[in-house]
Amino acid sequence: MEIETVPDLNRPVVIAAFEGWNDAAESATAVIDHLMDQWDARIVAAIDPEEYYDFQVNRPTVGIDGNGFRTLTWPSTHIAVASPPELGRDVVFIRGIEPNMRWRQFTAELLAAIDDLGGELLVTLGALLSDSPHTRPIPVSGTATEPELLDRLDLEQSTYEGPTGIVGVLQDAAVRVDLAAVSYWAAVPHYVAQPPCPKATLALLGRLEDLLEAPLPLGDLPDEARAWERGVDELAEEDEDVAEYVRSLEESRDTADLPEASGEAIAREFERYLKRRDDGD
């Protein structure tokens with residue numbers, strides 16, 4: 001993979017997400033798409049898809065360009081860079097499709113590119129389907145490879161055991177080359193699994209704000225999240241079985257969250273929110 005000439009980046013943080021198994025309702029890749037658009041990110045490299053993708057599974061697409069000519073786009077993974085002034089550091093984006101083969105070679109190629117660009121921290125984003133109700137805040141779990149990050153972000157080492165996707169493989173590879181890594185996963189309500197899920201995308205952006213200690217541009221996402229929730233409310237009202245199921249999920253969630261709903265916990269969360277906004281101002 002060849003990277004276009006890029007001036008030396010300032011303490012770049014790398015944010016990565018992949019379509020497929022790791023991306024319920026396309027919530028994680030939507031974060032990348034949103035921030036790349038808000039920060040005018042420039043694509044500087046792309047992985048050769050011939051090595052990693054089965055084109056009968058991830059087929060190329062045909063489209064029409066601005067001049068009216070037909071174009072063929074191959075599935076791939078792209079690397080882009082942005083220099084948002086509000087962060088005081090540069091950002092490298094990795095946005096692609098989970099590969100079908102040669103995962104170890106794929107991750108080695110990505111890590112080599114991160115090293116070439118001077119990446120200091122890798123943040124992987126994912127989303128999974130869960131039994132969380134759409135009417136409550138979207139749960140986001142996280143883990144980190146460094147004790148300092150675990151402490152600052154109030155995270156825990158992951159105890160998950162089972163199948164993993166390219167996000168898990170990439171994070172494991174980062175550990176092996178001493179690259180600090182953080183991973184965030186949003187829990188998308190399984191009964192509304194079709195994309196988009198702006199509420200989950202917004203929840204992931206909130207965790208990125210905590211990590212980067214700066215407010216991020218949210219654009220229309222808050223309005224879209226509220227509209228999404230209202231739309232799911234209307235669908236649930238049309239089916240009593242679904243409405244009853246949602247009520248049962250709400251009761252379970254509220255019971256489980258009760259110990260966290262103390263005044264002290266709420267005040268602590270509010271202070272974190274104000275600190276992010278004050279730092280941004």
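Shown above is the structure to which this text applies.
These figures come from a predicted structure and were not determined experimentally.

**A closer look at the sheet that holds strand S5 (residues 78–82)**
Thinking step 1. Judged by pairing direction, the sheet is mixed, and its 7 strands sit side by side in the order S2-S5-S6-S1-S7-S9-S8 without closing on themselves. Lying at the two open borders of the sheet, with one neighbouring strand each, are strand S2 (42–46) and strand S8 (140–144). Here the average twist between neighbouring strands, direction ignored, is 20°.
Thinking step 2. Where S8 meets strand S9 (residues 180–189), 5 bridges bridge the pair, whose relative direction is antiparallel. Across the sheet, Gly142 pairs through a bridge with Tyr184, a residue of S9.

**Side note on the layout of surface pockets**
To find leftover empty space, a probe the size of one water molecule is rolled over the atoms.
Thinking step 1. Of the volumes computed, that of the second largest pocket is approximately 690 Å³.
Thinking step 2. If you trace the second largest pocket, you find 23 residues lining it, with Thr143, Ser158, Tyr160, Gln171 and Trp185 closest to the centre.
Thinking step 3. Contributing elements (two or more residues each) for the lining of the second largest pocket: strand S7 (121–130), S8, helix H4 (166–176) and S9.
Thinking step 4. The dominant element in the lining of the second largest pocket, judged by the number of residues it contributes, is H4, at 5 residues.

**Let's talk about helix H2 (residues 103–117)**
Thinking step 1. The end-to-end C-alpha separation of H2 is 21 Å, in line with the 21 Å expected for 15 residues at 1.5 Å each.
Thinking step 2. Regarding H2, the residues found buried are Phe106, Thr107, Glu109, Leu110, Leu111, Ala113, Ile114 and Leu117.
Thinking step 3. Check the buried side of H2 and you find it contacts strand S1 (13–19), S5, strand S6 (91–97), S7 and H4.
Thinking step 4. Looking at the residues trailing H2, positive phi occurs at Gly118, about 80°.

**A closer look at the pairing of S9**
Thinking step 1. Among the 10 residues of S9, 10 are classified as buried, and the element is accordingly described as predominantly covered.
Thinking step 2. Because side chains alternate across S9, one face comprises the buried residues Ala180, Val182, Tyr184, Ala186 and Val188, and the other comprises Ala181, Ser183, Trp185, Ala187 and Pro189, equally buried.
Thinking step 3. Strand direction decides the pairing type here: S7 and S9, joined by 10 bridges, are parallel. Within the sheet, the bridge partner assigned to Ala127 lies in S9 and is Ala186.

**Things to note about the nonpolar core**
Thinking step 1. Core analysis: the biggest nonpolar cluster contains 46 residues, and Phe93, Tyr184 and Leu208 have the highest contact counts within it.
Thinking step 2. Per-element accounting of this core gives the leading share, 7 residues, to helix H5 (residues 198–212).
Thinking step 3. If near-sequence neighbours (up to four positions away) are discounted, Leu208 is found in contact with Ile15, Val31, Leu35, Val123, Leu125 and Leu216.
Thinking step 4. Counting residues in hydrophobic clusters, the runner-up holds 30 residues, among them Ala16, Phe18, Val92 and Val167.

**What about the pattern of salt bridges?**
As a working rule, side chains carrying opposite charge can pair if their charged atoms are close by.
Thinking step 1. Counting across every chain of the model gives 13 salt bridges.
Thinking step 2. A salt bridge links Glu213 to Arg152; the nearest nitrogen and oxygen atoms lie 3.6 Å apart. In this pair, Glu213 is assigned in the loop between H5 and helix H6 (221–237) and Arg152 in helix H3 (residues 147–152), connecting sequence segments 61 residues apart.
Thinking step 3. For Arg152, a relative accessible area of 34% puts it in the partly exposed group.
Thinking step 4. Three or more residues joined by partner-sharing salt bridges are found here, namely Glu19, Asp33 and Arg95.

**Observations regarding a nonpolar patch on the surface**
Thinking step 1. A cluster of nonpolar side chains, Val62, Leu72 and Trp74, forms an exposed patch at the surface whose accessible area comes to about 300 Å².
Thinking step 2. Here Leu72 lies in strand S4 (residues 70–73).

**Side note on the packing of helix H1 (residues 27–38) against H5**
Thinking step 1. The interhelical angle for the contact between H1 and H5, taken along N-to-C directions, is 65°, at an axis separation of 8 Å. In terms of axis orientation, H1 runs roughly perpendicular to H5. The handedness of the crossing between H1 and H5 comes out as right-handed. Residues Ser27, Ala28, Ala30, Val31, His34 and Leu35 of H1 pack against Ala200, Thr201, Leu204, Leu205 and Leu208 of H5.
Thinking step 2. Residues that form the contact of H1 with H5 fall into these classes: 8 nonpolar, 3 polar and no charged.

What counts, and where the lines are drawn
Residues numbered from 1 in each chain as written. Predicted model: local features only at pLDDT ≥ 70, side-chain atom pairs only at ≥ 80, totals over all residues. Heavy atoms only, no water. Pairing = 2+ DSSP bridges. Helix = DSSP H or I, 4+ residues; strand = E, 2+ residues; numbered from the N terminus. Axes fitted to C-alpha atoms, helices over the stretch in contact; angles between N-to-C directions. 1 Å grid on protein atoms, 1.4 Å probe; cavity = no way out; pocket = protein on both sides within 12 Å on 5 of 7 lines; lining within 4 Å. Points joined across faces, edges and corners; volume = space filled by probe spheres on them. Expected span 1.5 Å × (residues − 1). Buried < 20%, exposed > 50% of the residue type's maximum accessible area, 1.4 Å probe, protein only. Contact = heavy atoms within 4.5 Å. Core = buried A, V, L, I, M, F, W, Y, C linked by side-chain atoms within 4.5 Å. Salt bridge = Lys/Arg side-chain N within 4 Å of Asp/Glu carboxyl O. Patch = residues over 30% accessible without salt bridge, like charges linked within 9 Å, V, L, I, M, F, W, Y side chains within 5 Å. Areas by Shrake-Rupley, 256 points an atom, 1.4 Å probe, with all protein chains shown as cover. Parallel < 35°, antiparallel > 145°, perpendicular 65-115°, else oblique. Left-handed = near helix turned anticlockwise from the far one by under 90°. Nonpolar A, V, L, I, M, F, W, Y, C, P; charged D, E, K, R; others polar.

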